[in-house]
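One-letter residues, chain by chain:
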Amino acid sequence: MQDFRYLILGGGMAADAAARGIRELDADGSIAIISNDVDEPYTRPALSKKLWTDPSFGQDDNYLATVADTWAQLHLGTEATSVDPKAKTVTASDGEYRFEKLLFVTGGQPKQIDLAEGERVVYFRRFDDYRRLREFTGRNLNVAVIGGGFIGTELAAALVQNKTNTTLLFDDETLCGSVFPPDLADHFHQLYRGQGVTLVPGTKVSGGRDEGRHVALDYGEGTHEFDAVVVGLGIDPSTDLAEKAGIATDDGITVDESLQTSHSDIYAAGDVAHYPDRILGRQRVEHVDNATQMGNTAGRIMAGSDETYTHTPYFYTNVFDFGYQAVGTLSSDLQTIEDWQKPQTEGVVYYLNDEDRVQGVLLVNLDGGLDTARAILAEDWPHSRSDLVNRLT
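Numbering of residues starts from 1 in each chain and follows the order in which that chain's sequence is written. With pLDDT at 70 or above as the cut-off, local features in this predicted model cover only qualifying residues; side-chain atom pairs require 80 or more to be listed or tallied, and sums for whole chains, interfaces and linings still use all residues. Hydrogens and water molecules were not included; the side-chain quantities draw on all heavy atoms of the structure.

A.B. asks: What should I look at first to understand the overall build of the protein chain in this one?
C.D. replies: Scanning the protein chain from terminus to terminus reveals ten helices and 25 strands. Our radius of gyration is a C-alpha quantity, and the globule rule it is checked against amounts to 2.2 Å times the number of residues to the power 0.38. For the protein chain, the C-alpha radius of gyration of 22 Å lies close to 21 Å, the compact-globule estimate for 393 residues. Overall size of the protein chain, expressed as C-alpha extent along the three principal axes, is 60 × 60 × 40 Å. When the 393 residues of the protein chain are sorted by exposure, 53% land in the buried category. Within the protein chain, residue pairs in contact and separated by at least 24 positions form 61% of the contacts whose partners lie at least 6 positions apart. Working note: accessible area of the protein chain is about 16700 Å², and carbon and sulfur atoms make up 42% of it. In this text, helices come from DSSP runs of H or I with a minimum length of four residues, and strands from runs of E with a minimum of two, each type numbered from the N-terminal end. Relative accessibility decides the category of a residue: with a 1.4 Å probe and only protein chains considered, values under 20% of the type maximum give buried, values over 50% give exposed, and everything between is partly exposed. By definition in these notes, contact holds between two residues if any of their heavy atoms fall within 4.5 Å. Throughout, the Shrake-Rupley method with a 1.4 Å probe supplies accessible areas, and for residues the shown protein chains are the sole cover considered.

So, in structure tokens, the structure goes:
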């Protein structure tokens, strides 16, 4: 039995942020991080962004120096198999651990289709997935990307910019048509087409097979062959360990404003945490700003801070010459008010519900404005076009 003051389950960016938060208030308390990853904590967004587009940024630059900066003990390739909240112990593949404070930052697992992962099939989530996918780039091979969300669109952009024949398959009839208003979605769709990405809209891949020298995908009215396939359909939160321990879950591990679970001295943060956002209500957010801010706050709380988590996170993407930041809910099912400086390339889109309350704010190719966007979201009254135009542009 190994004893630690702080035990962290999961080795991603939230784990790194939590260890740093602990060290802000507790310079000496022992920290252990149990991770089933093969890599020490790293910057996840770079796996679909900077590592593909910035030649000066190498793989070694992507690590977070967690151990060097926090002196945490890092146990890689280690699977936690059970948690006993009453005894305050964790059983893992390398032995047993006793804790005073426990943090779940277990993230999630990629959503699956009827296609087995293999040498030519990558369910994209980890650094090792990036390295595997890189083997199929730069040689004009044919790679299919399944999914038109964040990961799918970023990977399609990354691949086509690295001498790879790229096909993007997605459900919407227009790329991001379920997220953007029609004109912006059409602009985004044509941007990808103009960059050489083959777009296959309105398509759900039913499955496929790795046939050795290629991967066969079933969609449309036939079978289509590719040198490799990468799947980016989002994640399912990793809650099994918490559920088996009797910890409350609901689309993630349920926490209060202090990030504590239904058991005292056990906390959750990052992608897996279902938390009460002070503006938006209960949320589970799968983006880096939330992982780092919530992880850091959880670390400080475990180390004795009486603060609560009050940050409303933003999310962002950068592909080709198109970038955006956003807060709240983006959905084409909502009403929109558009405020463009340059149509479809620079401006703001506000998303409103049937009662004209702002639910989301999208800032396209604009710097700053996130704090104002949050303030607008917090205004719980009906908004008209005249209330919103020019507030962020």
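Still to come is the rest of the account.
A.B. asks: Hey, could you run me through the domain arrangement of the protein chain in this one?
C.D. replies: You'll often see interface size given as the accessible area lost when the parts meet. Residue ranges for the domains trace back to a domain assignment, done automatically or taken from a database. The domain architecture assigned to the protein chain consists of domain 1 (1-107 + 236-301), domain 2 (111-229) and domain 3 (320-385). One C-alpha centre belongs to domain 2, the other to domain 3; they are set 28 Å apart. Listed as interface residues are 16 residues of domain 2 and, on the opposing side, 16 residues of domain 3. Accessible-area loss on putting two parts together, using a 1.4 Å probe and summing over both, is the definition of buried area adopted here. The largest contributions to the domain 2 side of the interface with domain 3 come from V179, P181 and L184, which together make up 36% of the buried area. Salt-bridge detection follows one rule: a side-chain nitrogen of Lys or Arg within 4 Å of a carboxyl oxygen of Asp or Glu. The tally of links from domain 2 across to domain 3 stands at zero salt bridges. Here a polar contact is taken to be a pair of N or O atoms separated by no more than 3.5 Å, where protein atoms must pair a possible hydrogen donor with a possible acceptor and residues adjacent in sequence count only if both atoms sit in side chains. For the pair domain 2 and domain 3, the number of links is four residue pairs in polar contact (both at pLDDT 80 or more). Counting residues per element, the ones that place at least two in the side of domain 2 that touches domain 3 are α5 (150-160) and α6 (182-194). When residues of the side of domain 2 that touches domain 3 are assigned to their parent elements, the largest contribution, six residues, is made by α6. Its residues placed into classes, the side of domain 2 that touches domain 3 shows ten nonpolar, five polar and one charged. Throughout, the ten residues Ala, Val, Leu, Ile, Met, Phe, Trp, Tyr, Cys and Pro are labelled nonpolar, Asp, Glu, Lys and Arg are labelled charged, and all others, Gly among them, are labelled polar.

A.B. asks: Explain the nonpolar core here, please?
C.D. replies: What tends to happen in soluble globular proteins is that the nonpolar side chains get buried as a cluster. Only buried residues count toward a nonpolar core, which is a set of Ala, Val, Leu, Ile, Met, Phe, Trp, Tyr and Cys residues joined through side-chain atoms within 4.5 Å. Core analysis: the largest hydrophobic core is formed by 47 residues, its most contacted members being L7, I8, L9, V90, L102, L103 and F104. Counting residues in hydrophobic clusters, the runner-up holds 46 residues, among them F57, V145, A156 and L159.

A.B. asks: Help me understand the side chain of T78, please; the structure alone is not making it clear to me.
C.D. replies: On the secondary structure map, T78 appears in the loop between β3 (73-75) and β4 (80-84). Engagement of the side chain of T78 in a polar contact is seen with the backbone oxygen of H75, the distance being 3.4 Å. A distance of 3.0 Å separates a polar side-chain atom of T78 from the backbone oxygen of L76. Every residue in contact with T78, bar those within four places of it in the chain, is listed here: I34, S35, N36, A92, S93 and D94.

A.B. asks: For this particular structure, what's the right way to read the sheet that holds strand β23 (residues 335-342)?
C.D. replies: As a general point, the strands of a sheet are linked pairwise by backbone hydrogen bonds and lie either parallel or antiparallel. What makes two strands pair is DSSP finding at least two bridges between them. Spatial strand order, β21-β22-β25-β24-β23: five strands in an open sheet with antiparallel pairing. Only two strands of the sheet have a single partner each, and these edge strands are β21 (314-319) and β23. For this sheet the average axis-to-axis angle between neighbouring strands, irrespective of direction, equals 15°. Looking at chain direction, strand β22 (residues 322-328) and strand β25 (residues 358-364) are connected through five bridges and run antiparallel. Bridged to A326 within β25 is L362. Here an axis means a line fitted to C-alpha atoms, over the contact stretch when the element is a helix, while the angle between two N-to-C directions is reported on a 0 to 180 degree scale.

A.B. asks: Sorry if this is basic, but what is going on with unusual backbone geometry here?
C.D. replies: Residues other than glycine seldom take positive phi values, yet D251 does so here, at roughly 50°. You can see D251 is positioned in the loop between α7 (240-244) and β17 (253-254). One non-glycine residue, D265, lies in positive phi territory at about 70°. Note that D265 resides in the loop between β17 and β18 (266-268).

A.B. asks: Would you take a moment to explain the packing of aromatic side chains for this structure?
C.D. replies: Any aromatic ring pair is given by two values, namely how distant the centres are and how the planes are angled relative to each other. Centre distance within 6.5 Å is the pairing criterion for rings of Phe, Tyr and Trp, where only the six-membered ring of Trp is used; planes under 30 degrees apart are then read as stacked, over 60 as edge-to-face, and the remainder as tilted. Evaluation of the coordinates by the stated rule reveals 16 aromatic pairs. Between Y275 and Y309, the aromatic rings sit 5.5 Å apart at their centres with planes inclined by 70°, giving edge-to-face as the arrangement. Here Y275 is found in strand β19 (residues 273-277), whereas its partner Y309 is found in the loop between α8 (288-302) and β21, with 34 residues between them in sequence. The same class applies to Y275 as to Y309, namely buried. Aromatic side chains Y314 and Y316 sit 6.1 Å apart centroid to centroid with 40° between the ring planes, which places their arrangement in the tilted category. Of note, K49 hangs over the ring of Y316, and the distance from its end group to the ring centre comes to 4.6 Å. Here the guanidinium or amino end of R131 rests over the ring plane of F127, the centre of that ring lying 4.9 Å away. By definition, being over a ring means that NZ of Lys or CZ of Arg is both within 6 Å of the ring centre and within 35 degrees of the ring normal.

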